[in-house]
Amino acid sequence: LHQTVIATSSPIDTVFFPEDCVLSEVVRLRDGSMAELNLVGREGMAGLEGYQGAPTASLDVMALVAGTALRMPMEDLTRVAERDPELRRRLNFYAQAVHNVRAIAAACDRLHPVQARLVRWLLRTHDRLDTPDFVLTQDDIANLLGVARQTVTANALALQEAGLITYLHGHLRLLDRAGLEQLACECYWNVHEQWERLRRLSSQ
């Protein structure tokens with residue numbers, strides 16, 4: 001938990017394929033503040049920039065939900081992709097989806113209220129897990145959403161009072177996913193469609 005697997009400005013010499021962890025791609029500012037641009041779970045990989053030729057990382061990638069991931073030297077992935085057109089095709093589809101998801105996240109953070117963003121974030125995290133239970137502190141959520149801790153507290157309490165989640169001492173459980181989906185902004189569904197499109201393209 002909280003381990004940084006790829007650090008800003010460092011060479012990307014390894015890619016990571018989550019099995020049951022969730023990785024968060026975040027941009028950090030000089031004052032220590034941060035904002036999340038994308039989540040990486042079992043649908044994808046961390047280290048995409050390196051595969052696309054970037055010499056160093058522009059984002060931090062850290063473990064948001066603890067678990068396991070497979071790792072592979074970048075040079076091995078590049079070598080295998082050069083020999084395997086189907087792998088290259090899937091990686092290119094994945095890269096396009098990630099770029100679109102980051103753009104959606106930027107628009108959502110700019111235009112939508114905190115509760116809608118919190119719901120989007122909870123659903124996206126749940127999409128990558130086999131359980132409705134995960135450990136996330138209010139500080140974690142506040143940092144990744146770019147809001148004050150008190151704002152997270154107020155919005156999480158409202159969701160809890162509505163019977164949608166329980167949240168106690170960092171242990172969060174989704175009780176009513178359908179209810180959360182009704183509160184989700186269009187950005188969650190736009191992101192969901194990106195991954196569904198990726199899945200369809202990859203299976204063709």
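Residues numbered from 1 in each chain as written. Predicted model: local features only at pLDDT ≥ 70, side-chain atom pairs only at ≥ 80, totals over all residues. Heavy atoms only, no water.

1. Observations concerning the nonpolar core
Definition in use: The criterion is simple. A nonpolar core is a set of buried Ala, Val, Leu, Ile, Met, Phe, Trp, Tyr and Cys residues joined through side-chain atoms within 4.5 Å. Each residue is placed in one exposure class: buried if its accessible area under a 1.4 Å probe, protein chains only, is under 20% of its type's maximum, exposed if it is over 50%, and partly exposed if it falls in between. Each helix is a run of H or I in the DSSP string that is no shorter than four residues. Each strand is a run of E no shorter than two, and both are numbered from the N terminus. Two residues qualify as a contact provided that any one of their heavy atoms is within 4.5 Å of a heavy atom in the partner residue.
Membership of the largest hydrophobic core comes to 33 residues, with the highest contact counts inside it found for Leu23, Met45, Tyr51, Tyr94 and Trp195. Where this core is concerned, the elements lending two or more residues are β2 (14-18), α1 (48-51), β5 (60-65), α2 (74-83), α3 (85-111) and α8 (186-203). Sorting elements by how many residues they give to this core places α3 first, with nine residues. Leave out the neighbours within four places in its chain, and Tyr51 touches Met45, Met74, Leu77, Thr78, Ala81, Arg88 and Leu91.

2. Side note on the packing of aromatic side chains
Counted only if it meets this: Stacked, tilted and edge-to-face are the three classes assigned to paired rings of Phe, Tyr and Trp, where Trp is represented by its six-membered ring and a pair needs centres within 6.5 Å; plane angles under 30 degrees give stacked, over 60 edge-to-face, the rest tilted.
The full count for this structure, using the stated rule, is two aromatic pairs. Taken together, a centroid distance of 4.9 Å and an interplanar angle of 75 degrees make the contact between Tyr188 and Trp189 edge-to-face. Take Tyr188: its relative accessible area is 1%, and that puts it in the buried class. For Trp189, a relative accessible area of 37% puts it in the partly exposed group.

Coordinates in, geometry out; function isn't part of it.
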